[in-house]
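# Descriptive analysis of the structure
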Amino acid sequence: MARILALDYGKVRTGVAVTDELQLIASGLTTVETKDLISFLVDYIEKEKVESFVVGLPKQMDNTPSESEELIQPFLKKLSAKFPTVQIERQDERFTSKMAFQSMLDSGMKKKKRQNKAIVDEISATLILQAYLNRI
């Protein structure tokens, strides 16, 4: 089987998470500067087989798309053009940043490390991927 890659897309940084080859476990992979994301994905897919991308779907509490969805739509077009054989799925990402921060607190992570937004983005991508795995 191939891996599933999840993206917590952001204007500046994008958190990346990945499954194992059996698609059972979601693990944080890294955080990439968004401007370098496509080249990172090209390099990754040259080394690993990827079946699908799961991209966070930011929504408001009333279920309408959030403002950041406007940034994601052009990226999705670029992603599908660059990787036409890789399926793109969406997963509701409400509360993932809060849950990521809470998991950092619960794990006893020191304050200085918790302030690193790249770690929050990576954990958020992992939560998005795990929610997707739970849904399929």
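For the structure itself, look to the data block above.
A short tour of the structure in this document, coming up. (Residues numbered from 1 in each chain as written. Predicted model: local features only at pLDDT ≥ 70, side-chain atom pairs only at ≥ 80, totals over all residues. Heavy atoms only, no water.)

## Focus: the overall build of the chain
Which entries qualify depends on this criterion: Helix and strand assignments follow DSSP, with helices taken as H or I runs no shorter than four residues and strands as E runs no shorter than two, numbered in order from the N terminus. The buried label goes to any residue with under 20% of its type's maximum accessible area, the exposed label to any with over 50%, and the partly exposed label to all in between, with areas taken from a 1.4 Å probe on protein chains only. Working rule for contacts: check all heavy atoms of both residues, and any pair within 4.5 Å makes them a contact. Surface exposure here means Shrake-Rupley accessible area, sampled with a 1.4 Å probe, where a residue is shielded only by the protein chains that are shown.
For the chain, the count of helices and strands is 5 helices and 5 strands. Counted from the first residue to the last, the chain has its helices and strands arranged as β-β-β-α-β-α-β-α-α-α. Taken across its 136 residues, the chain has 42% of its residues classed as buried. Taking contacts inside the chain between residues at least 6 apart in sequence as the whole, the part at least 24 apart equals 60%. When the accessible surface of the chain is summed, it comes to about 8,000 Å², and 53% of that surface belongs to carbon and sulfur atoms.

## Regarding a nonpolar patch on the surface
Under the convention used in this document: What makes a patch is a set of residues exposed beyond 30% relative accessible area and free of salt bridges, joined within 9 Å when like-charged and within 5 Å when nonpolar (Val, Leu, Ile, Met, Phe, Trp, Tyr). Throughout this description, the term salt bridge denotes a Lys or Arg side-chain nitrogen within 4 Å of a carboxyl oxygen of Asp or Glu.
Residues Met1, Leu22, Leu24 and Ile25 make up a contiguous nonpolar surface patch of about 470 Å² in total accessible area. Note on placement: leucine 22 falls in the loop between β2 (13-19) and β3 (26-33).

## Topic: helix α5 (residues 117-135)
Heads up, the rule is: For a helix, the expected span equals 1.5 Å multiplied by the residue count minus one.
Compared with the 27 Å implied by 1.5 Å per residue over 19 residues, the 27 Å span of α5 between its first and last C-alpha is a close match. The set of residues buried in α5 consists of Ile119, Val120, Asp121, Ser124, Ala125, Thr126, Ile128, Leu129, Tyr132 and Leu133.

## Points about the nonpolar core
Convention followed: To define a nonpolar core, start from buried Ala, Val, Leu, Ile, Met, Phe, Trp, Tyr and Cys residues and group those joined through side-chain atoms within 4.5 Å.
Counting 19 residues, the largest nonpolar core has Leu5, Leu7, Leu37, Leu41, Phe53, Phe75 and Leu79 as its most contacted members. Every element with two or more residues in this core is listed here: β1 (3-8), β2, α1 (37-47), β4 (50-57) and α2 (69-82). Those residues in contact with leucine 41, other than ones at most four positions away along the chain, are Leu5, Leu7, Phe53, Leu79 and Phe83. In this structure, Ala6, Ala17, Leu129 and Leu133 belong to the second largest nonpolar core, which totals 10 residues.

## Comments concerning the pattern of salt bridges
Counted according to the given criterion, the structure contains 6 salt bridges. Between arginine 13 and aspartate 121 there is a salt bridge whose closest N-O contact spans 2.7 Å. With arginine 13 in strand β2 and aspartate 121 in helix α5, this residue pair connects regions lying 108 residues apart in the sequence. For aspartate 36, the salt bridge identified is with lysine 35, shortest N-O distance 3.4 Å. Connected through shared salt-bridge partners, Arg3, Glu21 and Glu48 make up one network.

## Description of the packing of α1 against α2
Note the threshold: For helices, the axis comes from a line fit to the C-alpha atoms of the stretch in contact; other axes are also lines fit to C-alpha atoms, and the angle between any two N-to-C directions lies between 0 and 180 degrees. For this classification, under 35 degrees means roughly parallel, over 145 means roughly antiparallel, 65 to 115 means roughly perpendicular, and everything else is oblique. Crossing handedness is defined as follows: a turn of the near helix away from the far one that is anticlockwise and smaller than a right angle gives a left-handed crossing, while the clockwise case is right-handed. Nonpolar residues are Ala, Val, Leu, Ile, Met, Phe, Trp, Tyr, Cys and Pro. Charged residues are Asp, Glu, Lys and Arg, and all others, Gly as well, are polar.
The N-to-C vectors of α1 and α2 enclose an angle of 30 degrees; their axes lie 11 Å apart at closest approach. The orientation of α1 relative to α2 falls into the category roughly parallel. Crossing geometry of α1 relative to α2 is assigned as right-handed. The residues of α2 that touch α1, namely those facing Leu37, Ile38, Leu41 and Val42, are Phe75, Lys78, Leu79 and Lys82. Residues that form the contact of α1 with α2 fall into these classes: 6 nonpolar, no polar and 2 charged.

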